[in-house]
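Structural features, examined
Listed here are the chains, written in short residue letters.
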Amino acid sequence: MLEPAYQADVVIVGAGVAGLSAAHRLTSQGVTVAVLEAAPCVGGRMSTEKVDGFRLDRIGQLLSTAYPELRLAPGLDGLVLRPFAPGVLLHGDGRHHRVDAPAGARSARGALHAVRALASAPRGMPGPRLVAASRRAASRRATFRVLPGAGQGTASRVARAAAPLGGAVDQARLGAALTRFATVPVERLLARPELPAGQSLAARGLPARTIDGFLRPLLAALLCDPALTTSSRCADLALRAFAGGRLCLPEGGAEALPELLAQKLPPGTVHTGVRVTSVSTTSVTTAEHGEIRCRAVLLATDARAAAELLPGLRVPDFHPVTVVHHTTDEPPRTGAALLLDADRGGPVAHTAVISEVDPSRAPSGRALISSTVLGAPPSDLETAVRTHLGRLYGTPTHRWETLAVHHTPEAVPAMPAPHDLRRPVRLLAGLYVCGDHRDTSTIQGALHSAHRATTAILKDLGAAGSMHRADPTPTAQAA
């Protein structure tokens, strides 16, 4: 419990991944920190429900091993990531088509080889080249461990023709484009003209079949934006991460990441069940403990909660996300693949046998299938999802047991064009804000915004004299 007279250099409001990561960066520099969280536990939207031995993520955002902050953020050296099978599995024209990102490829020729090899793989178990490519991707240098997913190699059907990708020339263009994304500097991506992502795809020089059958469903899954109104620059960053890494999940559920960060902070740093009612540059006021004085305040809540404490902050629109969790004792034979619907023939944007990716999320002998619906869910959600999954997996689903349905109306902040990927984190000296609403709407964005905010705090704390004396008195109206 906090004492009313408690003092700290920095008070952080919010114990999501942004706030906890910021606390690590500050404490590592000798700055005393108090993290205040209104909820009874840490994590914010990265929460996991436990039901009968299952671990069910409420939102289930996809991570990538290519996210730089997963390597740079202090406190995550013990993070265990479970990768999906390389690339994605597309369902189109009643068949499954595996598409691998040519991660690590150094030329368009190498990318074409990778795409062709995967598109023409024989039915059943993957060949030696595919296995070798998977192992090379899984052995990237990183400060966290990437463990192979169970049952990774087998898909129920892998098409030779790769229908959603088009012919050999179309595949060559796609392979070359993915390779460019994997290697192009971020600064160059951010300097490109900005359009809504859906409009920018047509300017890529790729055939409509490849765009509609692969890039649109892939980007919808990565951005949680089925209409692809997201800024093309943000979409390019998402494709860069896909092309340069592996899609993955934290072992044990989404909550494992914030819980790891919290556990590695000095004892007494994080205080849950503490509701902040007002903030200033030198103190916060709480409902439970009165005023807590400090040298700086960092708001690390979601966008709406931040705006309630600082009314001048803009609240973005949000993408709603619904996750439906099923279990069965006879899992589909898609292994650890992320399955996308190239035909967009139902409400499910993407689905996976999550227990094949991370066996710790389901009890022995049971499979966990988690499926994501983007946008407003249909009124007949249960029936529509079950019917759609039957087509996607090619197996009856009427006996599958529904474990939970998690609908989050404000799951992911929208990033429509134009979008400022580096929104200010320093509102004025002594008052800062971070979170995925200040950067990109991803775990990478949340962690990177915390990195930027702590850099500004440390600079101000290190300044001679008062942090506030030399500053004008701006408002947060344009923040």
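Cut-off values and rules
- Residues numbered from 1 in each chain as written.
- Predicted model: local features only at pLDDT ≥ 70, side-chain atom pairs only at ≥ 80, totals over all residues.
- Heavy atoms only, no water.
- pLDDT = per-residue confidence, 0-100.
- Contact = heavy atoms within 4.5 Å.
- Helix = DSSP H or I, 4+ residues; strand = E, 2+ residues; numbered from the N terminus.
- Buried < 20%, exposed > 50% of the residue type's maximum accessible area, 1.4 Å probe, protein only.
- Polar contact = N/O pair within 3.5 Å; in protein donor to acceptor, adjacent residues only side chain to side chain.
- Pairing = 2+ DSSP bridges.

Section: the confidence of the model for the protein
Summary statistics for the protein give a mean pLDDT of 85 and a share of 82% for residues scoring 70 or more. Taken as a whole, residues 464–479 scores under 50 in pLDDT and shows 26 contacts with residues more than four places along the chain or in a different chain.

A look at the environment of T32
Inspection of the secondary structure puts T32 in the loop between α1 (17–27) and β2 (33–37). Note on T32: relative accessible area 40%, which makes it partly exposed. Taking the C-alpha atoms as reference points, T32 and V10, separated by 22 residues in sequence, lie 6.5 Å from one another. If we ignore the near neighbours within four places in the chain, the residues touching T32 are A8, D9 and V10. Side-chain polar atoms of T32 contact the backbone nitrogen of D9, separated by 2.8 Å.

Re the pairing of strand β15 (residues 318–328)
One face of the sheet, then the other: side chains in a regular strand alternate in exactly this way. Among the 11 residues of β15, 10 are classified as buried, and the element is accordingly described as predominantly covered. Here β15 pairs with strand β19 (residues 401–413) via nine bridges, running antiparallel. Pairing of T327 across the sheet is with E401, part of β19. Bridge count between β15 and strand β18 (residues 367–374): eight bridges; the pairing is antiparallel. From the neighbouring strand, V321 faces β18, where its bridge partner is L374.

So, the pairing of strand β12 (residues 276–279)
With three bridges connecting them, β12 and strand β13 (residues 283–286) associate as antiparallel partners. Note on β13: the bridge partner recorded for S278 is T285. Between the end of β12 and the start of β13, which pair antiparallel, lie three residues.

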